[in-house]
Amino acid sequence: MASSTPPPLTTTKPYQNHHLPHHHHNHQTHPHNHRQSVHHHQWTSLKKPPPRHAAKPPPGPTTTTSTSTNPNFPSLSSLPPSTKSDLSADFSGRRSTRFVSKLHFGRPKTAFASRHTSSAEEALHLAIRHRSDDNNTSHIDSLLLNFQHKLSGTDDYTFLLRELGNRGEYSMAMRCFEFAVRRERRRNEQGKLVSTMISVLGRLGKVDLARKVFDTAVVEGYGNTVYAYSALISAYAKSGCCDEAIKVFETMKSCNLKPNLVTYNALIDACGKGGAGFDLASEIFDEMLGNGVQPDRITFNSLLAVCSGAGLWETARNLFSEMVYRGIEQDIYTYNTLLDAACSGGQMDVAFEIMSEMPTKHILPNEVTYSIMIRGCAKAGRLDKALSLFNEMKFAGINLDRVSYNTLLAIYASLGRFEEALSVGNEMESMGIKKDVVTYNALLDGYGKQGKYDKVNELFSEMKAERLSPNLLTYSTLISVYSKGGLYKEAMEIYNEFKQKGLKADVVFYSKLIDALCKKGLVESSALLLDEMTEKGIQPNVVTYNSIINAFGQSATGECPDGIIESLVQSSPSVFFREENDEDDSIIKIFEELAAENSCHSKQDNRIGQEISCILGVFQKMHNLRIKPNVVTFSAILNACSRCNSFEEASMLLEELRLFDNQVYGVAHGLLMGQRENVWMQALSLFDEVKQMDSSTASAFYNALTDMLWHFGQRQGAQLVVLEGKQRHVWENTWSDSCLDLHLMSSGAARAMVHAWLLNIRSVVFEGQELPKLLSILTGWGKHSKVVGDGTLKRAIETLLVGMGAPFRVAQCNIGRFTSTGALVTAWLRELGTLKVLILHDDRKHAGTATLELRPPFQTIPL
């Protein structure tokens, strides 16, 4: 039998891939036969453990091609890609595994041998049949008295507790538990009852009551058992209370009780549902192995759930391989959690491979599988694929659940296809599933993005009429929608209502508001809210910082003259009505100022200098709070550089890039200085890592880098980068002989691509081949443009084509498309002066005055 070494698992660099040979496992050999003699290696160790028999993992999660990861660029793969557009943000709010756990609620439980009697079943039947609608559980006492001589000890009572809990009858279960404990005199039997009762309450989310049951049992002398402690840890885990679960675990060890497999599994589960880091979960796993407790399927499923919540796809894949090596069979929960980790990490192609392999393991995708995949596609912007999955789901005879319907509705709403979105809502209700807050939130967001504010108001009123209480996301969505639309008075009214409800703002609330202000180019107001967040103890995430950095240089509004706000408040007091505690509310103040600016005709002024100081302050906060940047952060910095008026301004921003990641800085700085030959190998290594990201994140990075190079005159370098992106399929359907598709490309990247495409067409002409009858250049409809077809990209390409004298004109039926006949383009390309305008040349006028300090580009510089 061939043997192999399992892939090492690491907690320090979970983004790294490990490729090792795999061999077939003899399924007749029981996995436990050799397990005790094999010491599991420490996940942080580089030493190889003793060889063990290995099974070949499925090709999806284990054989994906990848390149080695540069240690200077840890944030690209270890952090989940943040949102680049409003659309993807709709599907990225979930970072906790609690969602996945809820999706699996009610899945078939492992069967256990029950030794209860028929009398227990009869008692249960009578208890349920005679329960009162007013929640009065007194009848259970008389019923138990009548059955006390028929019930056969603890087995019957634990059966009643479990079954009453399964029906949500926790009050009756408590009365039954109290009756049984008083009747029972043996301590070990009382211990069984208390652990069962705690488990029931934990499953129902009654964790405070479970704690009281535990404390009482400890005081009375029958609760100080491994089982009772494990049940309480599990109860805290199910409610996402990781800190409390760990405290119970430490107390348990201080009482000289040895944790068992159930204990460790519950604690790892608490790490996933409580949002704890993977490092903590791996420490618990290592302790578990050190104490001789061998993991099972539940252990690995819980570890995978932690990875899923943290977006650690590489670690999840390595865990799956380790699970296979240990001979532990996978179940539907294993695969669904692995899929969720892949989708969270932007690995949609790998996710589809994994899903296709499930039937070969005799595990059929269920509604949870499809919901995870659909949400992943939606988040990645692959909406057509998401919709096709719904059709596939129906064809497979899998019923849509509430999550599926809401996801489908959200996709249609985000696309502006409201008739279909409302049709989904009607079908949902016809299936007996009422619209909930999630449904309305999706519709509010969709209509808001289309600027249909009357419909937004109507839906919000309808929601209240249906007695659905708006939640935190509802209010943050409305405030974001109104703010992006410049309706600051309406945004302030919603914020006042939010405060009156007594709701507390969280990181998502502030992030959406900051993002809305950033979309309007309001950098300083956004930075002010960032300060308020931290003062209130709310930890900003990297997405929040990315929004502010990316807003640099996009200011759309000047300031009103001094005193204008006060005069407007005096003339229109109803507009700026304040509560007594609003004096120090930064959000109220910002909305008042913005509403005042809308009421006056303030001329725009150049605020770049002030904004640079503001952005530098934002960078300092990131360093102080140890916020790890990701690839979107780097793209935002490069975008900010491309909006600078001078090299002096860009140098300050690039200096921050150097402090964040020396490799990205080295490539960007080297290309900007025209040092292509010296840095290109490093650039290719960087592009290898970027390619591991989801397509929208990767294309955003290429766009940002190309725009910066184009902006500062490095046209050849920009074209080199964009052609590398084309070769790596960063942009889908980029070009053919007849069509150049510039969708999702920035203006700099698109202009460099136009030059390259036309040069390619010219080579075809001079080889004597005939061009197609019609040639097209697609620019899209202008995603952020108020007028369809009049986007920034379209205007930039139109100016470029006119400047070249190219015979392309706007198509009558599609104002986002430029067309020309093949004959006209051929004639133009054969003109003597055409080649000169097609070949790009670097503009060195900026480089000569560059003040960028030339440092060794790949020197490691600590923060």
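Everything below is about the structure shown above.
Described below are features of the structure shown in this document. Please read these numbers as outputs of a predicted model, since none were measured by experiment.

## Regarding the overall build of the chain
Thought 1: Check the secondary structure of the chain and you find 42 helices and four strands.
Thought 2: Sorting the 863 residues of the chain into buried and exposed places 54% on the buried side.
Thought 3: With the model as given, the accessible surface of the chain reaches about 39,200 Å², and the carbon-plus-sulfur share is 50%.

## Structural notes on the pairing of strand β2 (residues 774-778)
Thought 1: Among the five residues that make up β2, four are buried, leaving the element largely enclosed by the rest of the structure.
Thought 2: Examined bridge by bridge, strand β1 (residues 739-741) and β2 share three bridges and lie parallel to one another. What sits directly across from Leu740, in β2, is Ile777.
Thought 3: Pairing analysis gives five bridges linking β2 to strand β4 (residues 817-821), with the strands arranged antiparallel. Looking at the pairing, Leu775 lines up with Ser820 of β4.

## Quick word on the nonpolar core
Thought 1: Residues Phe701, Leu705, Met708, Leu742 and Phe808 are the most contacted members of the largest nonpolar core, which totals 245 residues.
Thought 2: When residues no more than four places from it in sequence are discounted, the contact partners of Phe701 are Val631, Phe634, Ser635, Leu638, Val664, Leu686, Phe687 and Val690.

## Some words on the pattern of salt bridges
Any two side chains of opposite charge can pair if their charged atoms end up close together.
Thought 1: All chains considered together, the criterion is met by 24 salt bridges.
Thought 2: The shortest N-O distance in the salt bridge between Glu189 and Lys192 comes to 3.3 Å. One end of the pair is Glu189 and the other is Lys192, both in helix α9 (residues 187-203) and three residues apart, which spans about a single turn.
Thought 3: Residue classification places Glu189 among the buried positions, given a relative accessible area of 10%.
Thought 4: When the shortest N-O distance is used, the salt bridge between Lys449 and Asp445 registers 3.0 Å. Residue Lys449 and its partner Asp445 are both found in helix α23 (residues 437-449); the two are separated by four residues, about one turn of the helix.
Thought 5: On the basis of relative accessible area, Lys449 is assigned to the partly exposed category, the value being 32%.
Thought 6: Taking the relative accessible area as the measure of exposure, Asp445 reaches 10% and is therefore buried.

## Let's talk about the packing of helix α35 (residues 662-672) against helix α36 (residues 676-690)
Two quantities define a packed helix pair, namely the angle between the axes and the distance from one axis to the other.
Thought 1: Following both chains from N to C, one finds α35 and α36 inclined at 135°, their axes separated by 9 Å at the closest point. As judged from the angle between their axes, α35 and α36 are oblique. As for the relative orientation of α35 and α36, their crossing is left-handed in sense. In contact with Gln663, Val664, Gly666, Val667, Gly670 and Leu671 of α35, α36 contributes Arg676, Val679, Trp680, Gln682, Ala683, Ser685, Leu686 and Glu689.

## Notes on the packing of aromatic side chains
Thought 1: With the rule as written, the count across this model stands at 19 aromatic pairs.
Thought 2: Judged by centre distance (3.8 Å) and plane angle (10°), the ring pair of Phe418 and Tyr447 falls under stacked. On the criterion of sequence distance, the pair formed by Phe418 in helix α22 (residues 418-430) and Tyr447 in helix α23 is long-range, its members being 29 residues apart. You'll find Phe418 and Tyr447 in the same group, each marked buried.
Thought 3: Aromatic side chains Phe498 and Phe509 sit 4.6 Å apart centroid to centroid with 15° between the ring planes, which places their arrangement in the stacked category. One end of the pair, Phe498, is in helix α26 (residues 488-500); the other, Phe509, is in helix α27 (residues 507-519), with eleven residues separating them in the sequence. For the pair Phe498 and Phe509, one class covers both residues: buried.
Thought 4: Its guanidinium or amino end placed over the ring of Phe352, Lys385 lies 4.8 Å from that ring's centre, counting from NZ or CZ.
Thought 5: If you follow Arg715 out to its NZ or CZ, it ends over the ring of Trp710, 4.3 Å from the centre.

## Structural notes on the environment of Gly309
Thought 1: Tracing the chain through its elements places Gly309 in helix α15 (residues 297-310).
Thought 2: Take Gly309: its relative accessible area is 16%, and that puts it in the buried class.
Thought 3: Note: C-alpha distance between Gly309 and Ala341 (32 residues apart in sequence) is 7.3 Å.

## Some words on unusual backbone geometry
Thought 1: With phi around 60°, Arg467 is a residue other than glycine that occupies positive phi space.
Thought 2: Relative to the assigned elements, Arg467 resides in the loop between α24 (453-465) and α25 (472-484).
Thought 3: Located in the positive-phi region is Arg626, a residue other than glycine, with phi close to 55°.
Thought 4: Tracing the backbone through its elements, the reader meets Arg626 in the loop between α32 (608-624) and α33 (631-642).

## Section: the pairing of β4
Thought 1: Looking at chain direction, strand β3 (residues 809-810) and β4 are connected through two bridges and run antiparallel. Within β4, the position partnered with Arg809 by the bridge is Thr819.

## Focus: helix α8 (residues 170-183)
Thought 1: With 14 residues, α8 should reach 20 Å at 1.5 Å per residue; the first-to-last C-alpha distance of 20 Å fits that figure.
Thought 2: Those residues of α8 lying buried are Met172, Ala173, Met174, Cys176, Phe177, Phe179, Ala180 and Val181.
Thought 3: Buried residues along α8 sit against α5 (118-129), α6 (139-147), α7 (153-166), α9 and α10 (207-219).

## Some remarks on the packing of α24 against α25
Thought 1: Two numbers describe how α24 lies on α25: the axes approach to 12 Å, and their chain directions differ by 165°. Here α24 is positioned roughly antiparallel relative to α25, judged by the angle of their axes. The hand of the α24/α25 crossing is left-handed. Residues Tyr453, Val456, Asn457, Phe460 and Met463 of α24 lie in contact with α25, whose contacting residues are Thr474, Tyr475, Leu478, Val481 and Tyr482.
Thought 2: Per-class residue counts for the contact of α24 with α25 are eight nonpolar, two polar and no charged.

## Section: helix α16 (residues 313-325)
Thought 1: Between the first and last C-alpha of α16 there are 19 Å, a value that for 13 residues agrees with the 18 Å anticipated at 1.5 Å per step.
Thought 2: For α16, the buried fraction is high: 13 of the 13 residues fall into the buried class.
Thought 3: With its phi angle positive at about 75°, Gly327 sits one or two positions after the end of α16.

## Side note on the sheet that holds β4
Thought 1: Taken in spatial order, the four strands of this open sheet run β1-β2-β4-β3, and their pairing is mixed. Of all strands in the sheet, those bounded by a partner on one side alone are β1 and β3.
Thought 2: Set on the sheet, helix α41 (residues 822-829) makes contact with β2 and β4; between it and β4 the angle comes to about 80°.

## A few points about the side chain of Ser195
Thought 1: Position of Ser195 relative to the elements: it lies in helix α9.
Thought 2: Judged by relative accessible area, Ser195 falls into the buried class, the value being 12%.
Thought 3: Discounting residues that sit within four places of it in the chain, Ser195 has contacts with Tyr227, Ala228 and Ala231.

Basis of the calculations
Residues numbered from 1 in each chain as written. Predicted model: local features only at pLDDT ≥ 70, side-chain atom pairs only at ≥ 80, totals over all residues. Heavy atoms only, no water. Helix = DSSP H or I, 4+ residues; strand = E, 2+ residues; numbered from the N terminus. Buried < 20%, exposed > 50% of the residue type's maximum accessible area, 1.4 Å probe, protein only. Areas by Shrake-Rupley, 256 points an atom, 1.4 Å probe, with all protein chains shown as cover. Pairing = 2+ DSSP bridges. Core = buried A, V, L, I, M, F, W, Y, C linked by side-chain atoms within 4.5 Å. Contact = heavy atoms within 4.5 Å. Salt bridge = Lys/Arg side-chain N within 4 Å of Asp/Glu carboxyl O. Axes fitted to C-alpha atoms, helices over the stretch in contact; angles between N-to-C directions. Parallel < 35°, antiparallel > 145°, perpendicular 65-115°, else oblique. Left-handed = near helix turned anticlockwise from the far one by under 90°. Phe/Tyr/Trp six-rings, centres within 6.5 Å; stacked < 30°, edge-to-face > 60°. Lys NZ or Arg CZ within 6 Å of the ring centre and 35° of its normal. Expected span 1.5 Å × (residues − 1). Nonpolar A, V, L, I, M, F, W, Y, C, P; charged D, E, K, R; others polar.

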